[in-house]
Amino acid sequence: MANSPTLRLALLLLLLLLGLLAAVAQATSSSSTYLQSQIYADLLAGPCIRVLNATGPLGCSSDTVSGAPLRVSSQDELAALAKGPPPTDDSVLLLPFELLTRENVRLARSVTQIKGLIVVEGSPRGTIPSYGSPCPSCDGTFVTNDWNPTGSALAYDDLTGFPMFSLLNTTSYTAAALATIQSVISLNAAANGPRRVIDLVAYMSGAHDANDCLRRNFCKPIGGQSVYAAFTPPNAPTNYTAALGDKDAVLLTASLDATAMFHDWALGSAERLAGVAALLTAAAALSSVDQSAWQRHVYFGLFTGESWGHVGSRAFARDLDGFKCKIPFTASATGCPYIAGSCTSPCMLDVTFSSAGMSLARVSHIIDANRLGGSAADLRIHVAGITGTSAGQLFPNTTVSTVGGLPPSPAVAFLRRKREIAAYVVSTLTGSTFRANTGTEYDDAPAATLADGACAAASAMARGAATLARGGTNTTVGPVVNCTLTTQLLTCLSTGTGCPFGLALDTNLRPSSYASIGQFGQSPGWPAVVASTVLANVTANVRGASCGPQKPACPVTAPSCIDGTCINALVRYHLGVGEGLAINEATGLWSVVDPTKPHFVESDWDGTAVGLRAFATISTGMEVVQLVLGIAVVVLTATVSKVMSSRYGHL
């Protein structure tokens with residue numbers, strides 16, 4: 001029977017069938033990736049992610065949901081949708097940012113057929129209702145005003161099971177995603193071919209609360225790398241040991257991070273980046289003046305995690321306030337995984353601030369740049385704990401705010417530990433409330449819009465710092481600031497292009513100022529990279545040989561290569577994690593030890609598996625391949641069946 005001609009024919013036909021299937025598979029792709037790309041169109045969008053605290057989860061997480069995109073353009077349309085009749089099929093609601101309120105999200109969730117949201121830009125743009133709390137960072141002592149009275153606190157809602165994504169028309173990639181969604185809507189409206197739907201893939205690992213999530217290692221603390229620096233004496237030792245412990249200091253501060261409902265679009269141009277540009281411009285101006293007669297040192301601190309309870313500034317203020325290394329670093333450990341650290345307990349990569357003599361006891365004044373969305377005419381000085389030199393003397397051409405208390409600012413972290421510090425916050429808050437679109441995706445004003453206010457703030461900071469450094473002696477003319485540099489820095493920070501000192505950001509997306517996570521070895525965010533590079537250049541006390549590709553490495557006396565020159569500068573990163581969190585040095589796991597202090601954590605999630613995808617129309621070529629393959633399978637199957645039946649039908 002093994003040599004039967006009919007059996008050999010049947011086996012041959014089976015081999016032909018398998019060969020044809022293999023050939024088609026090989027012709028289309030070497031893997032299933034190609035077939036998936038023919039079925040789905042991946043869309044670049046920003047997810048609403050999951051954050052947790054001691055009481056539970058905030059934000060979004062959901063298994064994959066699908067629905068036909070349904071656009072709503074007005075409050076009346078949304079209200080009509082909620083009243084009924086409901087959509088006949090599962091739908092994904094397209095909502096403009098201007099309608100993204102807590103009440104409207106709840107309204108959308110009340111319609112069973114609405115499975116999720118895609119939030120898009122309004123046309124024209126308007127104002128996004130604030131997602132934050134009415135009184136952010138209020139402590140009843142230093143921040144007492146309801147700076148955000150219309151805040152709905154949507155960002156603190158638990159939206160489990162209801163995924164949300166957003167699209168801003170800022171790049172060709174996001175523009176293409178918007179065009180695809182609009183095409184799906186149009187094709188569905190025309191009822192031409194199969195119904196097209198959008199998948200929202202939004203699973204986040206974090207569940208229950210921060211402590212449980214950390215214990216299961218499904219979350220990471222929110223925080224990141226801050227930057228500190230100082231002008232140092234020309235004769236300071238290379239490692240800066242005891243270089244700054246001889247006199248008091250003025251600390252200039254700014255915030256590096258911003259937040260929004262969708263963190264990918266949290267740029268914070270007015271709220272944060274204008275202050276960063278102002279501080280760096282002031283530092284450049286101060287570097288050009290004679291410092292030999294200064295009676296105070298000048299420090300700089302730019303902090304990450306400020307949107308989450310002033311994580312960065314609180315961590316730095318704590319470490320300036322009598323830092324002690326309990327166990328010096330000798331080797332990498334579970335609770336301190338650095339390859340070459342400075343201290344194992346607490347785990348610190350670098351403690352130059354301590355060895356150089358920087359301390360909270362020496363900080364007498366703070367000048368902070370914050371929330372600079374207005375013009376030079378709008379500039380205000382907010383004061384707290386003022387003794388000695390008055391705000392009017394330090395900032396003679398700037399109006400002192402009459403609003404009680406400070407706006408949320410890194411200065412508060414230092415005042416909590418040392419109330420006698422004189423703190424000045426430079427902003428363009430002319431009234432008692434934040435400007436429109438603060439803390440939202442629309443806080444992305446271009447450099448040209450912000451440069452006037454930011455440069456005026458830089459001038460005020462430089463003059464105030466120089467006056468205090470001289471011991472309070474004012475001059476008719478302060479340090480000259482370079483407003484062109486301010487504009488350049490604003491462009492660099494917000495777009496990643498046009499940067500000084502050879503900096504450039506290689507990305508297809510708009511930069512984000514979101515704080516990210518605070519874990520050992522975490523890379524600094526883009527604003528921190530810009531700040532550290534500029535500060536290294538303007539505060540360097542040693543400048544050596546030229547450096548760069550195909551040139552000798554910089555010597556230990558000037559180890560950093562900035563803009564083609566070997567330099568030495570006291571500029572360092574400082575990792576910030578919420579004060580309410582602590583690490584178990586034996587297991588390397590974090591836990592919440594004090595829920596009354598900042599302790600936010602972010603859920604882990606697979607960046608390659610979270611996103612939007614549309615069911616794409618199958619191409620004509622693929623339809624032909626499928627038709628031919630189907631006919632071939634039917635014919636060959638029938639033939640094999642007939643042969644086998646005629647040969648073995650009697651069994």
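For the structure itself, look to the data block above.
Let me begin by describing the structure that accompanies this report. (Residues numbered from 1 in each chain as written. Predicted model: local features only at pLDDT ≥ 70, side-chain atom pairs only at ≥ 80, totals over all residues. Heavy atoms only, no water.)

**Notes on the packing of aromatic side chains**
Right, so step 1: Tallied over the entire structure, the rule returns 16 aromatic pairs.
Right, so step 2: With a centroid separation of 6.1 Å and an interplanar angle of 80°, the aromatic rings of Phe97 and Phe262 are classed as edge-to-face. Residue Phe97 is found in the loop between strand 5 (91-96) and helix 4 (102-109), and its partner Phe262 is found in the loop between strand 12 (249-255) and helix 7 (269-286); the two are separated by 165 residues along the sequence.
Right, so step 3: Ring pairs connect the aromatic residues Tyr228, Phe303, Phe316, Phe323, Phe353 and Phe414, which therefore count as one cluster. (Phe/Tyr/Trp six-rings, centres within 6.5 Å; stacked < 30°, edge-to-face > 60°. Helix = DSSP H or I, 4+ residues; strand = E, 2+ residues; numbered from the N terminus.)

**Here we look at the nonpolar core**
Right, so step 1: In terms of nonpolar packing, the biggest core is built from 72 residues, with Leu252, Leu280, Leu286, Phe300, Ile367, Val530 and Leu535 touching the most fellow members.
Right, so step 2: With 15 residues, the top contributor of residues to this core is helix 12 (residues 447-469).
Right, so step 3: Of all hydrophobic cores here, the second largest spans 40 residues; its members include Phe303, Met358, Val363 and Phe414. (Core = buried A, V, L, I, M, F, W, Y, C linked by side-chain atoms within 4.5 Å. Buried < 20%, exposed > 50% of the residue type's maximum accessible area, 1.4 Å probe, protein only.)

**Looking at the state of the cysteines**
Right, so step 1: Evaluated as defined, the whole model comprises nine disulfides.
Right, so step 2: A sulfur-sulfur distance of 2.1 Å marks the disulfide that ties Cys336 to Cys347. With the S-S dihedral at roughly 75°, the linkage between Cys336 and Cys347 falls on the right-handed side. Of this pair, Cys336 sits in the loop between strand 14 (327-328) and strand 15 (343-345) while Cys347 sits in the loop between strand 15 and helix 9 (352-355); the two residues are eleven residues apart in sequence, bridging distant segments of the chain. The exposure classification of Cys336 matches that of Cys347, with both residues buried.
Right, so step 3: In this model, Cys492 is linked to Cys499 through a disulfide, with the two sulfur atoms separated by 2.1 Å. Residues Cys492 and Cys499 share a disulfide whose torsion about the S-S bond is about 95°; that sign makes it right-handed.
Right, so step 4: Taking relative accessible area as the criterion, Cys499 reaches 13% and is therefore assigned buried. (Disulfide = S-S within 2.5 Å.)

**A few points about the packing of helix 7 against helix 13 (residues 483-495)**
Right, so step 1: Interaxial distance between helix 7 and helix 13 falls to 9 Å at its minimum, and their mutual angle equals 135°. If you check the angle between helix 7 and helix 13, you find them oblique. Viewed along their axes, helix 7 and helix 13 form a crossing whose handedness is right-handed. Side by side, helix 7 and helix 13 meet where Ser269, Leu273, Ala274, Val276, Ala277, Leu280, Thr281 and Ala284 of the first sit next to Leu485, Thr486, Leu489, Leu490, Leu493 and Ser494 of the second.
Right, so step 2: Looking at the contact of helix 7 with helix 13, its residues break down into ten nonpolar, four polar and no charged. (Axes fitted to C-alpha atoms, helices over the stretch in contact; angles between N-to-C directions. Parallel < 35°, antiparallel > 145°, perpendicular 65-115°, else oblique. Left-handed = near helix turned anticlockwise from the far one by under 90°. Contact = heavy atoms within 4.5 Å. Nonpolar A, V, L, I, M, F, W, Y, C, P; charged D, E, K, R; others polar.)

**Section: the sheet that holds strand 22 (residues 565-568)**
Right, so step 1: Overall, antiparallel pairing links the three strands, which are arranged 20-22-21 in an open sheet. Looking at strand neighbours, the two that pair on one side only are strand 20 (542-546) and strand 21 (560-562), the edges of this open sheet. With strand direction ignored, the average angle separating the axes of adjacent strands in the sheet is 40°.
Right, so step 2: Pairing of strand 21 with strand 22 involves three bridges; the strand directions are antiparallel. Each bridged residue has a counterpart across the sheet, and for Ile562 the counterpart in strand 22 is Thr565. (Pairing = 2+ DSSP bridges.)

**So, the sheet that holds strand 17 (residues 380-384)**
Right, so step 1: Read from one edge of the open sheet, eight strands run 18-17-19-16-12-13-11-23, paired in mixed fashion. At either end of the open sheet lies a strand with only one pairing partner, and these are strand 18 (399-400) and strand 23 (570-577).
Right, so step 2: For strand 17 and strand 18, the ladder comprises two bridges, and the chain directions are parallel. What sits directly across from Arg380, in strand 18, is Thr399.
Right, so step 3: Most of the contacts of helix 7 go to strand 12, to which it runs at about 145°, and overall it touches strand 12, strand 13 (297-303) and strand 16 (363-369).

**Observations concerning the side chain of Ser494**
Right, so step 1: Among the secondary structure elements, Ser494 is positioned in helix 13.
Right, so step 2: Among the polar contacts made by the side chain of Ser494, one reaches the main-chain carbonyl oxygen of Leu490 at a distance of 2.7 Å.
Right, so step 3: Ser494 has contacts with Leu267, Ser269, Leu273, Arg510 and Pro511, leaving out every residue within four places of it along the chain. (Polar contact = N/O pair within 3.5 Å; in protein donor to acceptor, adjacent residues only side chain to side chain.)

**So, the pairing of strand 17**
Right, so step 1: In terms of burial, strand 17 is largely enclosed, as four of its five residues are buried.
Right, so step 2: For strand 17 and strand 19 (residues 422-427), the ladder comprises five bridges, and the chain directions are antiparallel. Along strand 19, the bridge assignment pairs His382 with Val425.

**Thoughts on the pattern of salt bridges**
Right, so step 1: Counted by the stated rule, this structure contains 21 salt bridges.
Right, so step 2: Of the charged contacts in the structure, one is a salt bridge between Arg50 and Asp158, with a shortest N-O distance of 3.5 Å. Of this pair, Arg50 sits in strand 3 (residues 50-53) while Asp158 sits in strand 7 (residues 158-160), and the two are 108 residues apart along the sequence.
Right, so step 3: Assessed through its relative accessible area of 5%, Arg50 is described here as buried.
Right, so step 4: Where Asp212 meets Arg215, a salt bridge forms, and the shortest distance between an N and an O atom there is 2.4 Å. With a gap of three residues between them, Asp212 and Arg215 both fall in helix 6 (residues 210-215), about one helical turn apart.
Right, so step 5: Within the structure, one salt-bridge network assembled from shared partners comprises Glu121, Arg125, Asp444 and Arg510. (Salt bridge = Lys/Arg side-chain N within 4 Å of Asp/Glu carboxyl O.)

**Some details on unusual backbone geometry**
Right, so step 1: With an omega of 0°, the peptide bond between Gly84 and Pro85 qualifies as cis.
Right, so step 2: Despite not being glycine, Asn217 has its phi angle at roughly 60°, a positive value.
Right, so step 3: Secondary-structure assignment places Asn217 in the loop between helix 6 and strand 10 (219-221).
Right, so step 4: Judged by relative accessible area, which is 43%, Asn217 ranks as partly exposed.
Right, so step 5: For Gln550, which is not glycine, the phi torsion reads 65° and is therefore positive.
Right, so step 6: Relative to the helices and strands, Gln550 resides in the loop between strand 20 and strand 21.
Right, so step 7: Residue classification places Gln550 among the exposed residues on the basis of a relative accessible area of 87%.

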